[in-house]
2 protein chains.
Amino acid sequence: MDTTNAIDLADRIRIVLVGTQHPGNIGSAARAIKTMGLHRLVLVAPQKFPHNEADMMAAGAEDVLNAAVEVATLAEAVADCRLVLGCTARSRRVQLRELRPREAAASVRVEAGAGGEVALVFGRERTGLDNDELQLCHAAVHIPANPEYSSLNLAAAVQVLSYEVRLALLGEGDAPPAVIASANPEAVPHAELEGFFAQLADTLDAIDFHKGRAPDSAMRKLRRLFVRTGLDHKEVRLLRGILADAQRMARLAGTRDAG
Amino acid sequence: MDTTNAIDLADRIRIVLVGTQHPGNIGSAARAIKTMGLHRLVLVAPQKFPHNEADMMAAGAEDVLNAAVEVATLAEAVADCRLVLGCTARSRRVQLRELRPREAAASVRVEAGAGGEVALVFGRERTGLDNDELQLCHAAVHIPANPEYSSLNLAAAVQVLSYEVRLALLGEGDAPPAVIASANPEAVPHAELEGFFAQLADTLDAIDFHKGRAPDSAMRKLRRLFVRTGLDHKEVRLLRGILADAQRMARLAGTRDAG
(Lines give C-alpha, C1' and ligand atoms only; values in the text may rest on other atoms or scores of the structure.)
Protein backbone atom coordinates (compact mmCIF):
# COMPACT_ATOMS: atom_id res chain seq x y z
CA MET A 1 0.00 0.00 0.00
CA ASP A 2 1.82 3.12 -1.23
CA THR A 3 0.14 5.79 0.84
CA THR A 4 2.50 8.60 -0.07
CA ASN A 5 1.84 8.10 -3.71
CA ALA A 6 -1.91 7.99 -3.07
CA ILE A 7 -1.66 11.37 -1.34
CA ASP A 8 0.28 12.88 -4.23
CA LEU A 9 -2.25 11.64 -6.74
CA ALA A 10 -5.12 12.94 -4.59
CA ASP A 11 -3.71 16.43 -5.17
CA ARG A 12 -4.64 16.11 -8.84
CA ILE A 13 -8.23 15.00 -8.26
CA ARG A 14 -11.11 17.40 -7.75
CA ILE A 15 -14.69 16.58 -6.83
CA VAL A 16 -17.02 19.02 -8.59
CA LEU A 17 -20.58 19.56 -7.33
CA VAL A 18 -22.79 21.36 -9.82
CA GLY A 19 -25.75 23.50 -8.70
CA THR A 20 -26.17 21.75 -5.37
CA GLN A 21 -29.50 22.72 -3.83
CA HIS A 22 -29.12 21.59 -0.22
CA PRO A 23 -26.07 22.94 1.63
CA GLY A 24 -26.20 19.92 3.96
CA ASN A 25 -25.30 17.77 0.96
CA ILE A 26 -22.19 19.87 0.35
CA GLY A 27 -21.11 19.23 3.94
CA SER A 28 -21.84 15.52 3.66
CA ALA A 29 -19.91 15.35 0.41
CA ALA A 30 -16.93 17.09 2.06
CA ARG A 31 -17.00 14.50 4.82
CA ALA A 32 -17.30 11.66 2.30
CA ILE A 33 -14.32 12.72 0.22
CA LYS A 34 -12.15 13.39 3.26
CA THR A 35 -12.80 9.90 4.65
CA MET A 36 -11.43 8.61 1.35
CA GLY A 37 -8.29 10.73 1.43
CA LEU A 38 -9.41 13.31 -1.14
CA HIS A 39 -9.56 17.00 -0.34
CA ARG A 40 -10.28 19.19 -3.36
CA LEU A 41 -13.87 20.35 -3.63
CA VAL A 42 -15.12 22.67 -6.40
CA LEU A 43 -18.62 24.11 -6.18
CA VAL A 44 -20.32 25.28 -9.35
CA ALA A 45 -23.02 27.84 -8.54
CA PRO A 46 -24.19 26.26 -5.27
CA GLN A 47 -27.62 27.54 -4.25
CA LYS A 48 -26.57 28.26 -0.64
CA PHE A 49 -22.95 28.40 0.38
CA PRO A 50 -21.37 28.94 2.83
CA HIS A 51 -24.14 27.74 5.12
CA ASN A 52 -24.31 26.41 8.66
CA GLU A 53 -25.97 23.19 7.48
CA ALA A 54 -22.94 22.51 5.33
CA ASP A 55 -20.67 23.06 8.33
CA MET A 56 -22.83 20.82 10.50
CA MET A 57 -22.81 17.92 8.07
CA ALA A 58 -19.09 18.25 7.39
CA ALA A 59 -18.44 16.98 10.95
CA GLY A 60 -14.67 17.37 11.00
CA ALA A 61 -14.16 18.03 7.30
CA GLU A 62 -14.51 21.80 7.62
CA ASP A 63 -10.99 22.13 6.20
CA VAL A 64 -12.29 20.69 2.94
CA LEU A 65 -15.23 23.11 2.97
CA ASN A 66 -13.03 26.07 3.78
CA ALA A 67 -10.68 25.26 0.94
CA ALA A 68 -13.54 24.68 -1.51
CA VAL A 69 -13.36 26.75 -4.69
CA GLU A 70 -16.54 28.37 -5.95
CA VAL A 71 -17.02 29.05 -9.67
CA ALA A 72 -19.93 30.05 -11.89
CA THR A 73 -19.87 27.34 -14.55
CA LEU A 74 -18.73 23.75 -15.01
CA ALA A 75 -16.57 24.90 -17.93
CA GLU A 76 -14.54 27.03 -15.50
CA ALA A 77 -14.40 24.21 -12.96
CA VAL A 78 -12.79 21.79 -15.37
CA ALA A 79 -10.89 24.18 -17.66
CA ASP A 80 -7.46 22.68 -16.83
CA CYS A 81 -8.56 19.04 -16.61
CA ARG A 82 -7.36 16.25 -18.85
CA LEU A 83 -10.06 13.86 -17.69
CA VAL A 84 -13.62 14.85 -16.75
CA LEU A 85 -16.02 12.15 -15.63
CA GLY A 86 -19.68 13.00 -15.12
CA CYS A 87 -21.65 10.95 -12.60
CA THR A 88 -25.16 10.44 -13.84
CA ALA A 89 -28.17 8.27 -13.47
CA ARG A 90 -28.27 6.39 -16.75
CA SER A 91 -28.92 8.88 -19.48
CA ARG A 92 -29.82 8.40 -23.11
CA ARG A 93 -29.76 12.09 -23.81
CA VAL A 94 -26.09 12.35 -24.54
CA GLN A 95 -24.12 9.53 -26.07
CA LEU A 96 -21.20 9.36 -23.74
CA ARG A 97 -19.19 6.31 -23.03
CA GLU A 98 -20.48 4.88 -19.77
CA LEU A 99 -18.08 3.62 -17.10
CA ARG A 100 -18.67 1.65 -13.95
CA PRO A 101 -17.26 3.32 -10.79
CA ARG A 102 -14.37 0.87 -10.72
CA GLU A 103 -13.47 1.60 -14.34
CA ALA A 104 -13.77 5.29 -13.67
CA ALA A 105 -11.47 5.01 -10.66
CA ALA A 106 -8.89 3.11 -12.69
CA SER A 107 -9.04 5.83 -15.33
CA VAL A 108 -8.61 8.50 -12.67
CA ARG A 109 -5.54 6.73 -11.37
CA VAL A 110 -3.95 6.38 -14.78
CA GLU A 111 -4.58 9.99 -15.70
CA ALA A 112 -3.49 11.44 -12.36
CA GLY A 113 -0.50 9.11 -12.39
CA ALA A 114 0.49 10.60 -15.75
CA GLY A 115 0.39 14.07 -14.22
CA GLY A 116 -3.05 15.12 -15.49
CA GLU A 117 -5.70 17.05 -13.62
CA VAL A 118 -8.87 15.02 -13.13
CA ALA A 119 -12.44 15.97 -12.24
CA LEU A 120 -15.30 13.82 -10.95
CA VAL A 121 -18.48 15.81 -11.56
CA PHE A 122 -21.78 15.41 -9.70
CA GLY A 123 -24.99 17.12 -10.84
CA ARG A 124 -27.97 18.65 -9.06
CA GLU A 125 -29.94 16.56 -6.57
CA ARG A 126 -33.05 16.32 -8.75
CA THR A 127 -32.03 17.01 -12.30
CA GLY A 128 -28.40 15.97 -12.52
CA LEU A 129 -26.21 17.49 -15.22
CA ASP A 130 -27.72 19.23 -18.21
CA ASN A 131 -26.77 18.46 -21.79
CA ASP A 132 -24.22 21.26 -22.10
CA GLU A 133 -22.55 20.08 -18.93
CA LEU A 134 -22.45 16.46 -20.11
CA GLN A 135 -20.77 17.71 -23.30
CA LEU A 136 -17.81 18.75 -21.15
CA CYS A 137 -17.35 15.20 -19.84
CA HIS A 138 -15.11 12.59 -21.42
CA ALA A 139 -17.28 9.80 -20.09
CA ALA A 140 -20.23 9.20 -17.81
CA VAL A 141 -19.98 7.16 -14.62
CA HIS A 142 -22.96 5.07 -13.66
CA ILE A 143 -23.35 3.42 -10.28
CA PRO A 144 -25.15 0.14 -11.02
CA ALA A 145 -28.08 0.81 -8.71
CA ASN A 146 -31.36 -1.04 -8.31
CA PRO A 147 -33.24 -0.13 -11.52
CA GLU A 148 -36.48 0.13 -9.52
CA TYR A 149 -34.99 2.60 -7.04
CA SER A 150 -31.82 4.18 -8.25
CA SER A 151 -31.89 7.50 -6.43
CA LEU A 152 -28.69 7.58 -4.43
CA ASN A 153 -28.37 10.59 -2.20
CA LEU A 154 -25.77 13.01 -3.62
CA ALA A 155 -23.32 12.41 -0.77
CA ALA A 156 -23.83 8.65 -1.08
CA ALA A 157 -22.85 8.79 -4.76
CA VAL A 158 -19.80 10.90 -3.85
CA GLN A 159 -18.94 8.34 -1.16
CA VAL A 160 -19.08 5.39 -3.55
CA LEU A 161 -17.00 7.08 -6.24
CA SER A 162 -14.46 8.40 -3.73
CA TYR A 163 -14.19 4.95 -2.20
CA GLU A 164 -13.40 3.42 -5.58
CA VAL A 165 -10.86 6.16 -6.28
CA ARG A 166 -9.21 5.47 -2.93
CA LEU A 167 -8.95 1.76 -3.67
CA ALA A 168 -7.49 2.54 -7.08
CA LEU A 169 -4.93 4.97 -5.64
CA LEU A 170 -3.95 2.45 -2.97
CA GLY A 171 -3.49 -0.10 -5.73
CA GLU A 172 -6.27 -2.28 -4.38
CA GLY A 173 -8.69 -1.73 -7.21
CA ASP A 174 -8.04 -4.91 -9.10
CA ALA A 175 -6.71 -7.22 -6.44
CA PRO A 176 -8.83 -10.34 -6.47
CA PRO A 177 -10.48 -10.57 -3.10
CA ALA A 178 -9.92 -13.29 -0.58
CA VAL A 179 -13.15 -14.93 0.39
CA ILE A 180 -14.18 -16.21 3.71
CA ALA A 181 -17.41 -17.94 4.18
CA SER A 182 -18.02 -20.38 6.91
CA ALA A 183 -15.38 -22.88 5.93
CA ASN A 184 -18.10 -25.51 6.18
CA PRO A 185 -21.19 -25.36 3.95
CA GLU A 186 -23.07 -27.50 6.50
CA ALA A 187 -22.32 -25.17 9.42
CA VAL A 188 -25.03 -24.94 12.05
CA PRO A 189 -26.67 -21.59 12.70
CA HIS A 190 -25.13 -19.41 15.31
CA ALA A 191 -27.73 -20.08 18.02
CA GLU A 192 -27.00 -23.81 17.98
CA LEU A 193 -23.42 -23.17 19.02
CA GLU A 194 -24.56 -21.62 22.27
CA GLY A 195 -25.42 -24.94 23.90
CA PHE A 196 -21.98 -26.21 22.97
CA PHE A 197 -20.30 -23.11 24.36
CA ALA A 198 -22.25 -23.42 27.62
CA GLN A 199 -21.15 -27.02 28.02
CA LEU A 200 -17.59 -26.08 27.13
CA ALA A 201 -17.59 -23.41 29.85
CA ASP A 202 -18.99 -25.90 32.39
CA THR A 203 -16.33 -28.42 31.43
CA LEU A 204 -13.49 -25.94 31.85
CA ASP A 205 -14.80 -25.26 35.35
CA ALA A 206 -15.18 -28.94 36.11
CA ILE A 207 -11.64 -29.85 35.07
CA ASP A 208 -10.31 -26.80 36.92
CA PHE A 209 -8.82 -25.32 33.79
CA HIS A 210 -8.92 -21.72 34.97
CA LYS A 211 -7.07 -22.20 38.28
CA GLY A 212 -8.08 -18.80 39.52
CA ARG A 213 -7.67 -16.94 36.22
CA ALA A 214 -10.67 -15.09 34.83
CA PRO A 215 -12.59 -17.54 32.65
CA ASP A 216 -13.66 -14.91 30.11
CA SER A 217 -10.42 -14.72 28.19
CA ALA A 218 -10.16 -18.43 27.44
CA MET A 219 -13.84 -18.67 26.49
CA ARG A 220 -13.50 -15.68 24.19
CA LYS A 221 -10.63 -17.32 22.37
CA LEU A 222 -12.44 -20.64 22.15
CA ARG A 223 -15.60 -19.02 20.83
CA ARG A 224 -13.62 -17.24 18.15
CA LEU A 225 -11.91 -20.46 17.18
CA PHE A 226 -15.08 -22.53 16.90
CA VAL A 227 -17.22 -19.80 15.30
CA ARG A 228 -14.53 -19.45 12.66
CA THR A 229 -14.51 -23.19 12.06
CA GLY A 230 -18.16 -23.42 11.12
CA LEU A 231 -19.11 -26.62 12.97
CA ASP A 232 -21.77 -28.88 11.49
CA HIS A 233 -24.31 -30.94 13.48
CA LYS A 234 -22.20 -34.08 13.63
CA GLU A 235 -19.15 -32.15 14.78
CA VAL A 236 -21.08 -30.39 17.51
CA ARG A 237 -22.34 -33.79 18.68
CA LEU A 238 -18.83 -35.26 18.58
CA LEU A 239 -17.30 -32.40 20.57
CA ARG A 240 -20.13 -32.45 23.11
CA GLY A 241 -19.58 -36.17 23.54
CA ILE A 242 -15.94 -35.53 24.37
CA LEU A 243 -16.92 -32.80 26.83
CA ALA A 244 -19.45 -35.12 28.49
CA ASP A 245 -16.72 -37.70 29.09
CA ALA A 246 -14.33 -35.07 30.44
CA GLN A 247 -17.10 -33.92 32.79
CA ARG A 248 -17.70 -37.50 33.85
CA MET A 249 -13.99 -37.91 34.66
CA ALA A 250 -14.06 -34.70 36.67
CA ARG A 251 -17.03 -36.01 38.66
CA LEU A 252 -15.25 -39.26 39.34
CA ALA A 253 -12.12 -37.37 40.37
CA GLY A 254 -14.25 -35.15 42.61
CA THR A 255 -15.84 -38.18 44.21
CA ARG A 256 -12.37 -39.41 44.98
CA ASP A 257 -11.36 -36.06 46.48
CA ALA A 258 -14.52 -36.03 48.55
CA GLY A 259 -14.00 -39.65 49.61
CA MET B 1 -25.73 -9.71 -15.27
CA ASP B 2 -28.06 -12.24 -13.67
CA THR B 3 -30.51 -9.92 -11.98
CA THR B 4 -33.03 -12.58 -10.99
CA ASN B 5 -30.40 -14.51 -9.10
CA ALA B 6 -29.17 -11.33 -7.42
CA ILE B 7 -32.71 -10.69 -6.15
CA ASP B 8 -32.99 -14.23 -4.78
CA LEU B 9 -29.71 -13.94 -2.94
CA ALA B 10 -30.72 -10.55 -1.54
CA ASP B 11 -33.51 -12.37 0.30
CA ARG B 12 -30.88 -14.11 2.43
CA ILE B 13 -29.00 -10.94 3.36
CA ARG B 14 -29.94 -8.76 6.29
CA ILE B 15 -28.47 -5.41 7.25
CA VAL B 16 -28.36 -5.14 11.04
CA LEU B 17 -28.08 -1.76 12.75
CA VAL B 18 -27.18 -1.99 16.43
CA GLY B 19 -28.26 0.67 18.90
CA THR B 20 -28.62 3.42 16.31
CA GLN B 21 -28.90 6.78 18.05
CA HIS B 22 -30.22 9.05 15.30
CA PRO B 23 -33.42 7.90 13.58
CA GLY B 24 -32.42 9.89 10.49
CA ASN B 25 -29.53 7.47 10.04
CA ILE B 26 -31.95 4.53 10.03
CA GLY B 27 -33.88 6.22 7.21
CA SER B 28 -30.71 6.99 5.26
CA ALA B 29 -29.52 3.42 5.70
CA ALA B 30 -32.88 2.13 4.41
CA ARG B 31 -32.46 4.32 1.34
CA ALA B 32 -28.87 3.19 0.86
CA ILE B 33 -29.67 -0.52 0.95
CA LYS B 34 -32.70 -0.15 -1.33
CA THR B 35 -30.64 1.64 -3.98
CA MET B 36 -28.39 -1.42 -3.95
CA GLY B 37 -31.23 -3.92 -4.30
CA LEU B 38 -31.26 -5.10 -0.68
CA HIS B 39 -34.37 -4.90 1.45
CA ARG B 40 -34.00 -6.64 4.83
CA LEU B 41 -33.30 -4.30 7.72
CA VAL B 42 -33.01 -5.50 11.32
CA LEU B 43 -32.82 -2.95 14.12
CA VAL B 44 -31.28 -3.95 17.42
CA ALA B 45 -32.58 -1.72 20.22
CA PRO B 46 -32.77 1.52 18.18
CA GLN B 47 -32.93 4.57 20.42
CA LYS B 48 -35.86 6.14 18.54
CA PHE B 49 -37.94 4.15 16.10
CA PRO B 50 -40.32 4.57 14.38
CA HIS B 51 -39.63 8.28 13.98
CA ASN B 52 -40.54 10.92 11.42
CA GLU B 53 -36.88 11.72 10.77
CA ALA B 54 -36.36 8.11 9.72
CA ASP B 55 -39.31 8.38 7.33
CA MET B 56 -38.03 11.68 5.93
CA MET B 57 -34.55 10.38 5.22
CA ALA B 58 -35.84 7.14 3.72
CA ALA B 59 -37.13 9.19 0.75
CA GLY B 60 -38.91 6.42 -1.11
CA ALA B 61 -37.54 3.51 0.88
CA GLU B 62 -40.38 3.53 3.40
CA ASP B 63 -41.18 -0.05 2.41
CA VAL B 64 -37.80 -1.10 3.78
CA LEU B 65 -38.46 0.82 7.01
CA ASN B 66 -41.96 -0.61 7.39
CA ALA B 67 -40.69 -4.14 6.95
CA ALA B 68 -37.79 -3.60 9.38
CA VAL B 69 -37.63 -6.11 12.22
CA GLU B 70 -36.88 -4.81 15.69
CA VAL B 71 -35.14 -7.03 18.26
CA ALA B 72 -33.52 -6.52 21.65
CA THR B 73 -30.07 -8.04 21.12
CA LEU B 74 -27.61 -8.77 18.34
CA ALA B 75 -27.68 -12.44 19.34
CA GLU B 76 -31.39 -12.53 18.41
CA ALA B 77 -30.75 -10.63 15.21
CA VAL B 78 -28.23 -13.17 13.92
CA ALA B 79 -29.45 -16.36 15.61
CA ASP B 80 -30.14 -18.19 12.32
CA CYS B 81 -27.15 -16.78 10.40
CA ARG B 82 -24.29 -18.82 9.02
CA LEU B 83 -22.16 -15.78 8.26
CA VAL B 84 -22.05 -12.67 10.44
CA LEU B 85 -19.77 -9.80 9.42
CA GLY B 86 -19.27 -6.85 11.74
CA CYS B 87 -18.41 -3.49 10.22
CA THR B 88 -15.95 -1.70 12.46
CA ALA B 89 -13.39 0.98 12.52
CA ARG B 90 -10.13 -0.88 12.92
CA SER B 91 -10.13 -2.44 16.33
CA ARG B 92 -7.42 -4.10 18.31
CA ARG B 93 -9.78 -5.08 21.08
CA VAL B 94 -10.96 -8.26 19.53
CA GLN B 95 -8.82 -10.38 17.30
CA LEU B 96 -11.16 -11.01 14.45
CA ARG B 97 -10.03 -11.61 10.95
CA GLU B 98 -10.40 -8.34 9.07
CA LEU B 99 -11.85 -8.23 5.59
CA ARG B 100 -12.00 -5.48 3.03
CA PRO B 101 -15.51 -4.63 1.81
CA ARG B 102 -14.87 -6.43 -1.46
CA GLU B 103 -13.76 -9.57 0.33
CA ALA B 104 -16.74 -9.33 2.64
CA ALA B 105 -19.09 -8.99 -0.34
CA ALA B 106 -17.55 -11.99 -2.07
CA SER B 107 -17.99 -13.98 1.15
CA VAL B 108 -21.60 -12.85 1.42
CA ARG B 109 -22.23 -14.03 -2.12
CA VAL B 110 -20.65 -17.43 -1.55
CA GLU B 111 -22.53 -18.02 1.69
CA ALA B 112 -25.91 -16.76 0.43
CA GLY B 113 -25.36 -18.73 -2.76
CA ALA B 114 -24.93 -21.85 -0.65
CA GLY B 115 -28.30 -21.16 0.98
CA GLY B 116 -27.03 -19.60 4.19
CA GLU B 117 -28.48 -16.63 6.00
CA VAL B 118 -26.04 -13.74 6.15
CA ALA B 119 -25.84 -10.62 8.31
CA LEU B 120 -23.89 -7.41 7.80
CA VAL B 121 -23.77 -5.69 11.18
CA PHE B 122 -23.24 -1.97 11.82
CA GLY B 123 -22.65 -0.58 15.32
CA ARG B 124 -23.61 2.59 17.11
CA GLU B 125 -22.67 5.94 15.57
CA ARG B 126 -20.08 6.81 18.19
CA THR B 127 -19.05 3.62 19.86
CA GLY B 128 -19.58 0.93 17.24
CA LEU B 129 -20.01 -2.66 18.39
CA ASP B 130 -19.05 -3.75 21.89
CA ASN B 131 -16.86 -6.76 22.57
CA ASP B 132 -19.72 -9.17 23.22
CA GLU B 133 -21.27 -8.14 19.93
CA LEU B 134 -18.01 -8.61 18.07
CA GLN B 135 -17.82 -12.10 19.56
CA LEU B 136 -20.89 -12.99 17.52
CA CYS B 137 -19.15 -12.05 14.27
CA HIS B 138 -17.17 -14.41 12.06
CA ALA B 139 -15.02 -11.56 10.76
CA ALA B 140 -14.75 -7.79 10.86
CA VAL B 141 -15.15 -5.62 7.78
CA HIS B 142 -12.99 -2.55 7.55
CA ILE B 143 -13.49 0.18 4.96
CA PRO B 144 -9.96 1.35 4.13
CA ALA B 145 -10.58 4.98 5.03
CA ASN B 146 -8.15 7.85 5.40
CA PRO B 147 -6.34 7.02 8.65
CA GLU B 148 -6.36 10.69 9.62
CA TYR B 149 -10.11 11.00 9.22
CA SER B 150 -11.86 7.68 9.11
CA SER B 151 -15.29 8.57 10.46
CA LEU B 152 -17.70 7.55 7.76
CA ASN B 153 -21.28 8.44 8.50
CA LEU B 154 -23.30 5.31 9.38
CA ALA B 155 -25.39 5.48 6.21
CA ALA B 156 -22.24 6.06 4.14
CA ALA B 157 -20.70 2.88 5.53
CA VAL B 158 -23.93 1.01 4.80
CA GLN B 159 -23.87 2.46 1.27
CA VAL B 160 -20.32 1.31 0.57
CA LEU B 161 -20.90 -2.20 1.88
CA SER B 162 -24.24 -2.54 0.11
CA TYR B 163 -22.65 -1.33 -3.11
CA GLU B 164 -19.96 -4.00 -2.89
CA VAL B 165 -22.58 -6.62 -2.10
CA ARG B 166 -24.56 -5.55 -5.15
CA LEU B 167 -21.52 -5.82 -7.40
CA ALA B 168 -20.78 -9.26 -5.98
CA LEU B 169 -24.37 -10.45 -6.48
CA LEU B 170 -24.34 -9.13 -10.03
CA GLY B 171 -21.13 -11.05 -10.58
CA GLU B 172 -19.11 -7.89 -11.03
CA GLY B 173 -17.07 -8.12 -7.88
CA ASP B 174 -14.09 -10.04 -9.29
CA ALA B 175 -14.85 -12.83 -6.86
CA PRO B 176 -12.51 -15.76 -7.29
CA PRO B 177 -14.41 -18.97 -7.86
CA ALA B 178 -13.24 -20.87 -4.83
CA VAL B 179 -13.36 -20.28 -1.12
CA ILE B 180 -9.98 -19.94 0.52
CA ALA B 181 -9.38 -22.84 2.84
CA SER B 182 -7.55 -21.49 5.84
CA ALA B 183 -9.69 -19.15 7.84
CA ASN B 184 -6.66 -17.99 9.81
CA PRO B 185 -3.66 -16.26 8.22
CA GLU B 186 -1.60 -17.06 11.35
CA ALA B 187 -2.24 -20.78 11.14
CA VAL B 188 0.63 -23.02 12.24
CA PRO B 189 2.07 -25.36 9.65
CA HIS B 190 0.42 -28.71 9.41
CA ALA B 191 3.28 -30.58 11.02
CA GLU B 192 2.92 -28.60 14.22
CA LEU B 193 -0.58 -29.89 14.63
CA GLU B 194 0.67 -33.44 15.02
CA GLY B 195 1.69 -33.03 18.64
CA PHE B 196 -1.74 -31.66 19.40
CA PHE B 197 -3.45 -34.53 17.58
CA ALA B 198 -1.33 -37.09 19.48
CA GLN B 199 -2.32 -35.52 22.80
CA LEU B 200 -5.95 -35.36 21.69
CA ALA B 201 -5.88 -39.09 20.88
CA ASP B 202 -4.32 -39.89 24.25
CA THR B 203 -6.95 -37.78 26.01
CA LEU B 204 -9.82 -39.54 24.25
CA ASP B 205 -8.40 -42.83 25.47
CA ALA B 206 -7.89 -41.49 28.98
CA ILE B 207 -11.44 -40.20 29.38
CA ASP B 208 -12.76 -43.42 27.81
CA PHE B 209 -14.42 -41.62 24.96
CA HIS B 210 -14.35 -44.53 22.54
CA LYS B 211 -16.06 -47.10 24.77
CA GLY B 212 -15.03 -49.96 22.56
CA ARG B 213 -15.62 -48.19 19.22
CA ALA B 214 -12.71 -47.92 16.80
CA PRO B 215 -10.86 -44.68 17.64
CA ASP B 216 -9.98 -43.92 14.02
CA SER B 217 -13.30 -42.50 12.95
CA ALA B 218 -13.52 -39.85 15.70
CA MET B 219 -9.90 -38.82 15.25
CA ARG B 220 -10.37 -38.50 11.52
CA LYS B 221 -13.31 -36.14 12.03
CA LEU B 222 -11.45 -34.12 14.66
CA ARG B 223 -8.41 -33.79 12.46
CA ARG B 224 -10.53 -32.52 9.61
CA LEU B 225 -12.23 -30.03 11.87
CA PHE B 226 -9.05 -28.57 13.36
CA VAL B 227 -7.09 -28.56 10.12
CA ARG B 228 -9.92 -26.63 8.52
CA THR B 229 -9.90 -24.13 11.38
CA GLY B 230 -6.29 -23.16 10.89
CA LEU B 231 -5.13 -23.01 14.51
CA ASP B 232 -2.46 -20.54 15.47
CA HIS B 233 0.24 -21.09 18.12
CA LYS B 234 -1.74 -19.59 20.97
CA GLU B 235 -4.78 -21.62 20.13
CA VAL B 236 -2.81 -24.84 19.99
CA ARG B 237 -1.38 -24.01 23.42
CA LEU B 238 -4.84 -23.20 24.80
CA LEU B 239 -6.36 -26.44 23.52
CA ARG B 240 -3.42 -28.51 24.79
CA GLY B 241 -3.83 -26.90 28.19
CA ILE B 242 -7.44 -28.02 28.27
CA LEU B 243 -6.44 -31.53 27.22
CA ALA B 244 -3.79 -31.65 29.94
CA ASP B 245 -6.42 -30.85 32.58
CA ALA B 246 -8.81 -33.43 31.19
CA GLN B 247 -5.98 -35.98 31.34
CA ARG B 248 -5.25 -34.96 34.92
CA MET B 249 -8.89 -35.49 35.86
CA ALA B 250 -8.83 -38.88 34.19
CA ARG B 251 -5.76 -39.81 36.23
CA LEU B 252 -7.43 -38.69 39.45
CA ALA B 253 -10.56 -40.62 38.53
CA GLY B 254 -8.40 -43.65 37.71
CA THR B 255 -6.66 -43.41 41.09
CA ARG B 256 -10.07 -43.57 42.68
CA ASP B 257 -11.04 -46.62 40.59
CA ALA B 258 -7.79 -48.31 41.46
CA GLY B 259 -8.13 -47.44 45.10
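All of the points below concern the structure found in this document. Predicted model only: the values in this text are computed from it and were never measured.

Brief notes about the overall build of chain A
Working step 1: When its secondary structure is counted, chain A shows eleven helices and seven strands.
Working step 2: Counting only residues that meet the buried cut, chain A has 55% of its 259 residues in that class.
Working step 3: As presented, chain A carries roughly 11200 Å² of accessible surface, and 49% of it is formed by carbon and sulfur atoms.

Digging into the sheet that holds strand β3 (residues 69-71) of chain A
Neighbouring strands of a sheet are bound in pairs by backbone hydrogen bonds; such pairs are parallel or else antiparallel.
All names here are of chain A.
Working step 1: A sheet is described by the order of its strands in space; here seven strands give the open sequence β3-β2-β1-β6-β4-β7-β5, paired in parallel fashion. Across the chains shown, the open sheet's two edge strands, defined by having one partner strand only, are β3 and β5 (98-99).
Working step 2: Where strand β4 (residues 83-87) lies against strand β7 (residues 139-141), three bridges are found, and the strand directions are parallel. Residue pairing across strands places glycine 86 opposite alanine 140, the latter belonging to β7.
Working step 3: Sheet strands touched by helix α8 (residues 154-169): β1 (13-18), β4, β6 (118-122) and β7. Its angle to β6, the strand with the most contacts, is close to 155 degrees.

Points about the interface of chain B and chain A
Working step 1: Listed per partner, the contact involves 94 residues of chain B and 80 residues of chain A.
Working step 2: Regarding the contact of chain B and chain A, the summed buried area is about 7300 Å², with carbon and sulfur atoms giving 64% of it.
Working step 3: Counting across the chain B and chain A interface gives four salt bridges.
Working step 4: Between A:Asp245 and B:Lys211 there is a salt bridge, with the nearest N and O atoms lying 2.6 Å from each other.
Working step 5: Between the two partners, chain B and chain A, sit 22 residue pairs in polar contact (both at pLDDT 80 or more).
Working step 6: Looking at the side of chain B that touches chain A, the elements with two or more residues in it are α2 (23-35), β4 (83-87), α6 (101-113), α8 (154-169), α9 (193-206), α10 (215-229) and α11 (233-258) of chain B.

Details of the sheet that holds strand β2 (residues 40-44) of chain B
Residue and element names in this part refer to chain B.
Working step 1: The seven strands lie next to each other as β3-β2-β1-β6-β4-β7-β5, forming an open sheet whose pairing is parallel. Sheet topology places β3 (69-71) and β5 (98-99) at the edges, where each strand pairs with a single neighbour.
Working step 2: Packing against the sheet, α8 makes contact with β1 (13-18), β4, β6 (118-122) and β7 (139-141), and its axis sits at approximately 155 degrees to β6.

Observations regarding the environment of B:Ala168
Working step 1: Of note, B:Ala168 is situated in helix α8.
Working step 2: Judged by its relative accessible area of 4%, B:Ala168 is buried.

Here's the deal with the packing of aromatic side chains
Each aromatic ring pair is described using two quantities: the centre-to-centre distance and the angle formed by the ring planes.
Residues and elements named next belong to chain B.
Working step 1: Per the stated rule, a full pass over the model turns up five aromatic pairs over all chains.
Working step 2: Between phenylalanine 196 and phenylalanine 197, the aromatic rings sit 5.5 Å apart at their centres with planes inclined by 40 degrees, giving tilted as the arrangement.
Working step 3: Accessibility expressed as a relative area gives 2% for phenylalanine 196, which makes it buried.
Working step 4: Looking at phenylalanine 197, the relative accessible area reads 2%, which means it is buried.

Section: the nonpolar core
Working step 1: By size, the foremost hydrophobic cluster in this structure holds 98 residues, and its most contacted members are A:Leu41, A:Phe122, B:Leu41 and B:Phe122.
Working step 2: Within the second largest apolar cluster, 47 residues are counted, among which are A:Phe196, A:Leu238, B:Leu193 and B:Ala218.

Some details on unusual backbone geometry
The phi torsion of most residues other than glycine is negative, and most of the peptide bonds are trans.
All names here are of chain A.
Working step 1: Looking along the chain, the bond that leaves phenylalanine 49 and enters proline 50 is cis, with omega of -5 degrees.
Working step 2: Mapping proline 50 onto the fold places it in the loop between β2 (40-44) and α3 (52-58).
Working step 3: At alanine 59, a position not held by glycine, the phi torsion is positive, near 45 degrees.
Working step 4: Mapped onto the secondary structure, alanine 59 falls in the loop between α3 and α4 (62-66).

Concerning the side chain of A:Thr35
Working step 1: Inspection of the secondary structure assignment puts A:Thr35 in helix α2 (residues 23-35).
Working step 2: For A:Thr35, the side chain forms a polar contact with the side chain of A:Gln159, separated by 3.3 Å.
Working step 3: Every residue in contact with A:Thr35, bar those within four places of it in the chain, is listed here: A:Gln159, A:Arg166, B:Ala145, B:Asn146, B:Tyr149, B:Ser150, B:Ser151 and B:Leu152.

Overview of the pattern of salt bridges
Residue and element names in this part refer to chain A.
Working step 1: One pass over the full model with this rule turns up 22 salt bridges over all chains.
Working step 2: The salt bridge involving glutamate 111 is made with arginine 82; its shortest N-O contact spans 2.7 Å. Of this pair, glutamate 111 sits in helix α6 (residues 101-113) while arginine 82 sits in the loop between α5 (74-77) and β4, and the two are 29 residues apart along the sequence.
Working step 3: Residue glutamate 111 is classed as buried on the basis of its relative accessible area, which comes to 19%.
Working step 4: Through salt bridges with shared partners, a single ionic network connects Arg14, Arg40, Asp80 and Glu117.

Criteria and thresholds
- Residues numbered from 1 in each chain as written.
- Chains lettered and ligands numbered in written order.
- Predicted model: local features only at pLDDT ≥ 70, side-chain atom pairs only at ≥ 80, totals over all residues.
- Heavy atoms only, no water.
- Helix = DSSP H or I, 4+ residues; strand = E, 2+ residues; numbered from the N terminus.
- Buried < 20%, exposed > 50% of the residue type's maximum accessible area, 1.4 Å probe, protein only.
- Areas by Shrake-Rupley, 256 points an atom, 1.4 Å probe, with all protein chains shown as cover.
- Pairing = 2+ DSSP bridges.
- Contact = heavy atoms within 4.5 Å.
- Axes fitted to C-alpha atoms, helices over the stretch in contact; angles between N-to-C directions.
- Buried area = accessible area lost by both parts, 1.4 Å probe.
- Salt bridge = Lys/Arg side-chain N within 4 Å of Asp/Glu carboxyl O.
- Polar contact = N/O pair within 3.5 Å; in protein donor to acceptor, adjacent residues only side chain to side chain.
- Phe/Tyr/Trp six-rings, centres within 6.5 Å; stacked < 30°, edge-to-face > 60°.
- Core = buried A, V, L, I, M, F, W, Y, C linked by side-chain atoms within 4.5 Å.

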